[in-house]
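Coordinates in review
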Amino acid sequence: RDLMEHQFSPADLAAQMDIKDVFDPAWMFNPAKVFPLRVSEARRDAARLAAE
Amino acid sequence: MTILTPTTEADLSEAVAAAAADKAPLEIAGGGTRMALGRPVQAERTLSTAGLSGITLYEPGALTLVAQAGTPMSEIDAALAAENQMLPFEPMDHRSLLGTGGEPTIGGVVATGTSGPRRLQRGACRDAMIGVRLVDGEGTAVSNGGRVMKNVTGYDLVKLMAGSWGTLGVLSEISFKLLPAPAAEVTLVIEGLDAASGVEALSEVLATPQEVTAAAHADPGVLGDASQTLVRIEGLEGSVAYRSKQIIAGGDWSVREAQASRDVWRQIRDVTPFGGQPGDVWRVSLKPTDGPILVGELREQGIAATALYDWAGGLVWLLVPDDNAAIANAVRESTKRLGGHATLIRAPASVRAAISVFEPENPVIERLSQGLRAKFDPHGILNPGRMRA
């Protein structure tokens, strides 16, 4: 997971996380898998705020 | 009408970003041979990938090809033929069916998710794709997958792009895995079967271990006066001879050798018999045994439908009288009941604008598609209206 940033550019990862946003808007399912936590943090926070 | 023809991915990004800033819709084009598919797009600017042309990388030893989206299929076919290799999925050329000119491009094949008769055994367009580069609706260049088969991290955007109809991004480069071209081929034919018995005969052959690479049935008048039920066998010469002998032993098959075999599958692949004939053309995908049932139901309602069944019956090309909403409804209803998908492939633009060209999506799938579209093309500038009103 932590090597994702080496393989993909920020834009590539953003496109993949866009898909995650569509299928799992609340980032409920395995939020710590696939994407480095630092990279997904903003989206997870936004999802948490939306839920509150 | 402005036509934009970027020649590098950076130019492409810029063109899309500029359109996004102006909120100006873009119709995405390649060689322009498939523009009459889907719903008509209302756009002032056309974005052509024709300037993004050329094979980036071809490694015959690794069975890998990387090509820019605007590369003509003829160029790819010629390069692969020189090494006795091929794209596994035998993509259809829409020109004769749609009556269009121009040069089909690899980007058009991928954007429409086009596969041909060999899909039955070797998989669809998306299955052969191992990497894509694209520019999304904000002008951001995105890369996914790669040039090797083992590339398994992250989410798979590659397959998402197959059949995305230019609505999620503009393709700039695509990587494929390839197959060696077969050394020999032969086609076995039975004439005069009705569709249900034809599909049954195809199923029987497919259940044998003879590795059929295509199986089709054509109604009377499509490939000849009588109906034809056909299977194709490919491989090394000795193996083709042995396997066809095994199949002939099980039924009343006659043989068509090399060139005749290639010709007939080219006709089936491109649905040329329906080209130039008046009428609308539907492409229906369902369970193989349901193909003849669908056509039967339409005929019971008095609809003069002619059918060409590919993929052992699972893909039905329907030629029906044109410009009649009742027929469209009948096709949709029967398809839905049988659990299939129907796409209106050829009809006047006014008809394609008025009725749903693609199989209507259930609400859950529709929400996901709309969500993806909102993420990849937030301004709705990429081929707006192509897939839905």
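Residues numbered from 1 in each chain as written. Chains lettered and ligands numbered in written order. Predicted model: local features only at pLDDT ≥ 70, side-chain atom pairs only at ≥ 80, totals over all residues. Heavy atoms only, no water.

1. Considering the sheet that holds strand S7 (residues 129-135) of chain B
All names here are of chain B. Spatial ordering of the open sheet is given by S4-S5-S9-S7-S8, a layout of five strands whose pairing is antiparallel. If you trace the sheet from one side to the other, it starts and ends with strand S4 (55-59) and strand S8 (141-145), each paired once. Within the sheet, the average angular offset between the axes of one strand and its neighbour, ignoring direction, is 10°. (Pairing = 2+ DSSP bridges. Helix = DSSP H or I, 4+ residues; strand = E, 2+ residues; numbered from the N terminus. Axes fitted to C-alpha atoms, helices over the stretch in contact; angles between N-to-C directions.)

2. Quick look at the side chain of Thr 229 of chain B
All names here are of chain B. Positionally, Thr 229 belongs in strand S13 (residues 228-235). A polar contact of 2.8 Å, which involves the side chain of Thr 229, links it to the side chain of His 217. Beyond its immediate stretch of four places on either side in the chain, Thr 229 contacts Leu 188, Val 189, Ile 190, Leu 193, Gly 198, Ala 201, Leu 202, Ala 216, His 217 and Trp 253. (Polar contact = N/O pair within 3.5 Å; in protein donor to acceptor, adjacent residues only side chain to side chain. Contact = heavy atoms within 4.5 Å.)

3. Notes on the packing of helix H11 (residues 290-300) of chain B against helix H12 (residues 325-337) of chain B
All names here are of chain B. Their axes nearest at 10 Å, the elements H11 and H12 cross at an angle of 140°. Remark: the crossing between H11 and H12 carries right-handed chirality. Contact with H11, carried on its side by Leu 294, Glu 297 and Leu 298, involves Ala 330, Val 331, Ser 334, Thr 335 and Arg 337 of H12 and no other residues of that element. Considering only residue class, the contact of H11 with H12 consists of four nonpolar, two polar and two charged. (Left-handed = near helix turned anticlockwise from the far one by under 90°. Nonpolar A, V, L, I, M, F, W, Y, C, P; charged D, E, K, R; others polar.)

4. Details of the confidence of the model for chain A
Averaged over every residue, the pLDDT of chain A is 90; the share at 70 or more is 100%. Mean pLDDT in chain A bottoms out at helix H1 (residues 4-7) of chain A, which sits at 86, and peaks at helix H2 (residues 10-23) of chain A, which reaches 93. (pLDDT = per-residue confidence, 0-100.)

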